[in-house]
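One letter stands for each residue in the lines below.
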Amino acid sequence: MALDELGFTEGVGANVATHVVTEDAKTKHIERIAPGAGQLGDWDNSVTGVTAVGLVSGLSVSAIGRGRIIVGAKCETSLDYSYSFFLVFKNASAVVVGVSATVFATFKQVSDGGSPDKRYASIQCFANDCGATTVELYLVSLPAGATSIDLYMAAL
């Protein structure tokens, strides 16, 4: 069914939730049938140079109406070293409703080509099955020998 037939209007008051994409140099609206069906563009939030374990200050994402939380990292480290973290899920009153399992993500061969050269860790994806409105990251450990890490989060 075409979006036109559903009374689609752009912006506030729209009858159909959509993602806006550019395809063949044309802007198109694609119906969003479920949370997590989006495309990752820019990260929703990032913090560079994190040096301490604990709840990462300033790193949170709004998960309202979003079903997937994506976490990425890069660090000046050796291959196959890992970092660990878990997510903290909060409701609309900023009360913790739960935490995820602790995840260990390893760094791979792909680097950012910068100076200093930083490697990317494997991306981790989580479901927002508890309907949290805000998600934060608790860093459990940095890679062996690393003094800091860059962390990235997005919600789709």
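Provided above is the structure to which this section pertains.
None of the values given here were measured: they were computed from a predicted structure.

**Details of the nonpolar core**
- Counting residues in hydrophobic clusters, the biggest one holds 29 residues, and the most contacted among them are Ile69, Tyr83, Leu87, Leu137, Ile149, Leu151 and Met153.
- If you list the elements that add at least two residues to this core, you get strand S3 (45-50), strand S4 (54-62), strand S5 (68-75), strand S6 (82-90), strand S8 (103-111), strand S11 (134-141) and strand S12 (149-155).
- Every residue in contact with leucine 87, bar those within four places of it in the chain, is listed here: Ile69, Val71, Gly98, Val99, Ser100, Phe126, Val135, Glu136, Leu137 and Met153.

**Things to note about a nonpolar patch on the surface**
- Taken together, the side chains of Leu55, Tyr138 and Val140 present a nonpolar region at the surface, about 230 Å² in accessible area.
- Take tyrosine 138: it is sitting in strand S11.
- Residue class for tyrosine 138 comes out partly exposed when judged on its relative accessible area of 32%.

**Description of the packing of aromatic side chains**
- Per the stated rule, a full pass over the model turns up five aromatic pairs.
- Taking the centre distance of 5.4 Å and the plane angle of 20° together, the rings of tyrosine 83 and phenylalanine 85 count as stacked. Phenylalanine 85 matches tyrosine 83 in its accessibility class, with the two residues each being buried.
- Consider the rings of tyrosine 83 and phenylalanine 107, whose centres lie 5.7 Å apart with planes at 45°: the pair is tilted. One end of the pair, tyrosine 83, is in strand S6; the other, phenylalanine 107, is in strand S8, with 24 residues separating them in the sequence. Per residue, the accessibility class of tyrosine 83 equals that of phenylalanine 107, and both read buried.
- Among the aromatic residues, ring-to-ring pairing joins Tyr83, Phe85, Phe107 and Phe126 into one connected group.

Criteria and thresholds
Within each chain, residue numbers correspond to sequence positions counted from 1 in written order. Residue-level local features of this predicted model are given only where pLDDT is at least 70; pairs of side-chain atoms are given and counted only at 80 or more, and the full residue set underlies all totals for whole chains, interfaces and linings. Note that water and hydrogens are dropped before the side-chain values are worked out from all heavy atoms of the structure. We define the nonpolar core as a collection of buried residues of types Ala, Val, Leu, Ile, Met, Phe, Trp, Tyr and Cys that are connected through side-chain atoms lying within 4.5 Å of one another. A simple rule labels every residue: compare its accessible area, found with a 1.4 Å probe on the protein chains alone, to the largest value its type can have, and call it buried under 20%, exposed over 50%, or partly exposed in between. Helix and strand definitions here come from DSSP, where helices need a minimum of 4 consecutive H or I residues and strands a minimum of 2 consecutive E residues; each element is numbered from the N-terminal end. Contacts between residues were defined by any pair of non-hydrogen atoms, one from each residue, lying within 4.5 Å. Exposure above 30% relative accessible area and the absence of a salt bridge qualify a residue for a patch, where like charges join within 9 Å and nonpolar side chains (Val, Leu, Ile, Met, Phe, Trp, Tyr) within 5 Å. We get accessible surface area from the Shrake-Rupley algorithm with a probe of 1.4 Å; when it comes to residues, only the shown protein chains can shield them. Every case where a carboxyl oxygen of Asp or Glu lies within 4 Å of a side-chain nitrogen of Lys or Arg is listed as a salt bridge. Within 6.5 Å between ring centres, the rings of Phe, Tyr and Trp (the latter by its six-membered ring) count as paired, and their orientation is classed by plane angle as stacked under 30 degrees, edge-to-face over 60, tilted in between.

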